[in-house]
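Summary of the model geometry
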Amino acid sequence: MSKVNVYVGSYAETHESGVEVFTLNEQTGQLTKTDQYVGLKNPTFLNVDVAKKQLYAVSEIVNADGTKSGEISHFSLDTEAGTLSLVEKKATVTGTTCHVARDQQSKYLTVTSYHGGMIGLIALQEDGSLGNVLDVAQHSVTTVDPERQDNPIPHPHSSFYSPDGKYLYVQDLGLDGIVGYKVDQANGKLIKVNVTKLADGAGPRHLTFHPNATYAYVINELNSTVTAFKYEASTGTLSEIQTLSTLPPDFTGENGCAEITISADGRFVYGSNRGHDSIVVYEVDANDGTLTTIQHISTAGGHPRNFAITPSGEYLLVANRDGNNIVTFKRNFSNGLLENIGVEVHSSKPVCVVPVIV
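The sections below set out a description of the structure shown in this document. (Residues numbered from 1 in each chain as written. Predicted model: local features only at pLDDT ≥ 70, side-chain atom pairs only at ≥ 80, totals over all residues. Heavy atoms only, no water.)

**Let's talk about the side chain of T328**
- Relative to the assigned elements, T328 resides in strand β26 (residues 325-331).
- Of note is the side chain of T328, whose polar atom sits 2.8 Å from the backbone oxygen of G29.
- Discounting residues that sit within four places of it in the chain, T328 has contacts with G29, Y315, L316, L317, E339, N340, I341 and V343. (Helix = DSSP H or I, 4+ residues; strand = E, 2+ residues; numbered from the N terminus. Polar contact = N/O pair within 3.5 Å; in protein donor to acceptor, adjacent residues only side chain to side chain. Contact = heavy atoms within 4.5 Å.)

**Details of empty space enclosed by the protein**
- Here the structure, examined in full by the defined rule, presents one cavity of 30 Å³ or more.
- Of the voids in this model, the largest cavity is the one considered here, and its volume is about 30 Å³.
- Taken together, I72, K90, A91, T92, I122, L130, G131 and V133 form the lining of the largest cavity.
- Among the secondary structure elements, those contributing two or more residues to the lining of the largest cavity are β7 (83-91) and β11 (130-138).
- Broken down by element, the lining of the largest cavity gets its largest block of residues, three residues, from β11.
- Taken together, the residues of the lining of the largest cavity sort by class into five nonpolar, two polar and one charged. (1 Å grid on protein atoms, 1.4 Å probe; cavity = no way out; pocket = protein on both sides within 12 Å on 5 of 7 lines; lining within 4 Å. Points joined across faces, edges and corners; volume = space filled by probe spheres on them. Nonpolar A, V, L, I, M, F, W, Y, C, P; charged D, E, K, R; others polar.)

**Describing the sheet that holds strand β16 (residues 204-209)**
- Ordered in space as β16-β17-β18-β19, the four strands form an open sheet in which the pairing is antiparallel. Across the chains shown, the open sheet's two edge strands, defined by having one partner strand only, are β16 and β19 (237-245). With direction set aside, neighbouring strand axes in the sheet form an average angle of 25°. (Pairing = 2+ DSSP bridges. Axes fitted to C-alpha atoms, helices over the stretch in contact; angles between N-to-C directions.)

The quantities given are spatial measurements derived from coordinates; they are silent on function.
Here you go:
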């Protein structure tokens, strides 16, 4: 049987456990902690290169003048033992970072700075070690929400590469849009190719592509919706086909969305609500990519900032930041519905969970 390790990033002070490693019992869904790393400030979002046994975590540093900047921490993984070892740390961009992505060829990392309004392109060496910061793309926009979209400061929240690797899409909460880039590999530059506008006040946060590379789905943090797009690989264009709520019709409280993902078979999309503290489940129409809401289920913990489907598709793991727990849900393959099986593990302020076959 294959082994699954689960890597967790969190909000942490430098004296606290920041990056944790668990093993997953695929019979019970139970997580068992095997290692942790203490010494990083807010190693929140992670990216794992399974083939090269490397892990990259965004973290932050405080400069001599008291300002904060982004940092990338690079770990090597002993996947059998379920342990990790810090290899190196490097400064990235002048703002603190909230997300890291890696291209399909493992040539680049991109880090996203929400407060700095920028994206950094970082070279990766053949052995997985960190290279130089090649380019920084600064977003500049005029927005309409004075509380979360502070004019004129943009708020990019994440970057994701298209399935074909041709484009990089940056979800900008301040812009209410998705900025598309190409990577100029000859010159190590990010070249902006398009901007996809969403509704004013939507606040796009994260994105997932359909396995057929025809559709993309974005979760909007501020107005609690998911938007479905048609993806044109030849041009990199995203064309909106549907927007629908992440919440039940009778919910009237405050809410902000966080994570979105799709099942490996492309039949079900999942999103997280913070406030309603739930996972919303949608069924995908195979004919046109549209979504139909089929379930809302409590995350059994506050502020579900991130979640992930395990490689087998059998479980969905939810990181509840305010609940200080990671909760295991059983996933029904035929109808996509989730079941809380009463299995959870303590984790301090978890905000990213990455299960991988090792």
